[in-house]
Every structure is written in C-alpha cells, then in structure tokens.
Amino acid sequence: MKLPRVIKIKNLLKFQILFHLARKNLCGDELADLLNFRKNHKLTPGTIYPALKFLKKKNLIKYKQKGRKKIYYLTKSGKEEYNLSRNLFNKMFRIYLINKKRKK
C-alpha cells in the first residue's frame, strides 16, 4: 500500500488526545477507553503513552499526580495548538464537502 509522504496518519492520535483533553482532564486509562471506542479496537499503552510523552515534551499537555494516576490536561500552548489544528481540520473537511456536493 502506498502511503502519503507528508501527512502522517499517526498524528491523528495526537490530535484526538488534544480533542479529548480540550473537553475534560483525563487519566491515561480514560483516554484509552475513549480512543478505543472511536477506533473499535484496543489501543495498547505502547501506542497511547508515547503520544502523551511527545505532547508533554512539546509542552502541549501536563499532568497532576492523583494517587497512582496521572491526570492529563492541556497547557495554554496546548489549547492554542488544538484550536489551530481543529480549525485546519474543519477547513479541510468543509472543502471536501463542498467539492463532493459540486460533483453531484
């Protein structure tokens, strides 16, 4: 299967994490449950936690320790990044829908 050279599908996971954290502070297990619901298959900690680590390294998310759990939340720059990404995604999706309607 030929893959895109520029757009990385794996970054959609990071976008989905930001999407969920923009709505509510969550621990890793809660994020996994939400992401599993959307993808209809079990995501492993080996998939989710590297993405969380990357987002934390980029200062887009932080966490507070609550007992044994880490509760993740968006930083100010995380909220800005999410809003920029969401706006771009929405614009691309609108263009797709407009083009699809024109072809009918």
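Everything below is about the structure printed above this text.
Residues numbered from 1 in each chain as written. Predicted model: local features only at pLDDT ≥ 70, side-chain atom pairs only at ≥ 80, totals over all residues. Heavy atoms only, no water.

Caption draft 1: Local environment of the overall build of the protein chain. Helix and strand content of the protein chain: 4 helices and 3 strands. For the protein chain, the N- to C-terminal ordering of α and β elements is α-β-α-α-β-β-α. (Helix = DSSP H or I, 4+ residues; strand = E, 2+ residues; numbered from the N terminus.)

Caption draft 2: Looking closely at the nonpolar core. Core analysis: the largest hydrophobic core is formed by 19 residues, its most contacted members being I17, L18, L21, L52 and I61. Contributions of two or more residues to this core are made by α1 (11–23), α2 (28–39), α3 (45–57) and β3 (69–74). With 5 residues, the top contributor of residues to this core is α1. Apart from the residues lying within four places of it in its own chain, the contact partners of I17 are L31, L35, I48, A51, L52 and L55. (Core = buried A, V, L, I, M, F, W, Y, C linked by side-chain atoms within 4.5 Å. Buried < 20%, exposed > 50% of the residue type's maximum accessible area, 1.4 Å probe, protein only. Contact = heavy atoms within 4.5 Å.)

Caption draft 3: Structural detail: the side chain of T75. Among the secondary structure elements, T75 is positioned in the loop between β3 and α4 (76–103). For T75, the side chain forms a polar contact with the side chain of S77, separated by 3.2 Å. Only 3.0 Å separates the side chain of T75 from the backbone nitrogen of G78, close enough to count as a polar contact. T75 has contacts with N59, L60, I61 and K62, leaving out every residue within four places of it along the chain. (Polar contact = N/O pair within 3.5 Å; in protein donor to acceptor, adjacent residues only side chain to side chain.)

Caption draft 4: Structural detail: the packing of α1 against α3. Here α1 crosses α3 at 75°, and the two axes come no closer than 10 Å. When the axes of α1 and α3 are compared, the pair comes out roughly perpendicular. Facing L13, K14, I17 and L18 of α1, the residues of α3 in contact are T47, I48, A51, L52, F54 and L55. Residue composition of the contact of α1 with α3, grouped by class: 8 nonpolar, 1 polar and 1 charged. (Axes fitted to C-alpha atoms, helices over the stretch in contact; angles between N-to-C directions. Parallel < 35°, antiparallel > 145°, perpendicular 65-115°, else oblique. Nonpolar A, V, L, I, M, F, W, Y, C, P; charged D, E, K, R; others polar.)

Caption draft 5: Looking closely at the packing of aromatic side chains. Applying the stated criterion across every chain yields a total of 3 aromatic pairs. Across the ring face of F54, the terminal group of K14 is positioned such that the distance to the ring centre comes to 4.5 Å. Stacked on the ring of Y73, the Lys or Arg K64 has its end atom at 5.5 Å from the ring centre. (Phe/Tyr/Trp six-rings, centres within 6.5 Å; stacked < 30°, edge-to-face > 60°. Lys NZ or Arg CZ within 6 Å of the ring centre and 35° of its normal.)

Caption draft 6: A look at α1. The end-to-end C-alpha distance of α1, which contains 13 residues, comes to 19 Å, matching closely the 18 Å that a straight helix rising 1.5 Å per residue would cover. All buried positions along α1 are accounted for by L13, K14, F15, Q16, I17, L18, H20 and L21. (Expected span 1.5 Å × (residues − 1).)

Caption draft 7: View of the pattern of salt bridges. Under the counting rule described, the total for this entry stands at 1 salt bridge. Note that K69 and D29 form a salt bridge whose closest N and O atoms lie 3.4 Å from each other. You can see K69 sitting in strand β3 and its partner D29 sitting in helix α2, a full 40 residues away along the chain. Overall, K69 belongs to the partly exposed group, its relative accessible area being 39%. (Salt bridge = Lys/Arg side-chain N within 4 Å of Asp/Glu carboxyl O.)

Caption draft 8: Representation of α3. Between its first and last C-alpha, α3 extends 18 Å over 13 residues, near the 18 Å set by a 1.5 Å rise per residue. Residues I48, A51, L52 and L55 constitute the buried set of α3. Here the buried residues of α3 occupy an arc of 100° about the axis, which is enough to place them on one side. For α3, the exposed residues lying more than 90 degrees away from the buried face are P45, G46, K53 and K57. (Arc of directions from axis to C-beta.)

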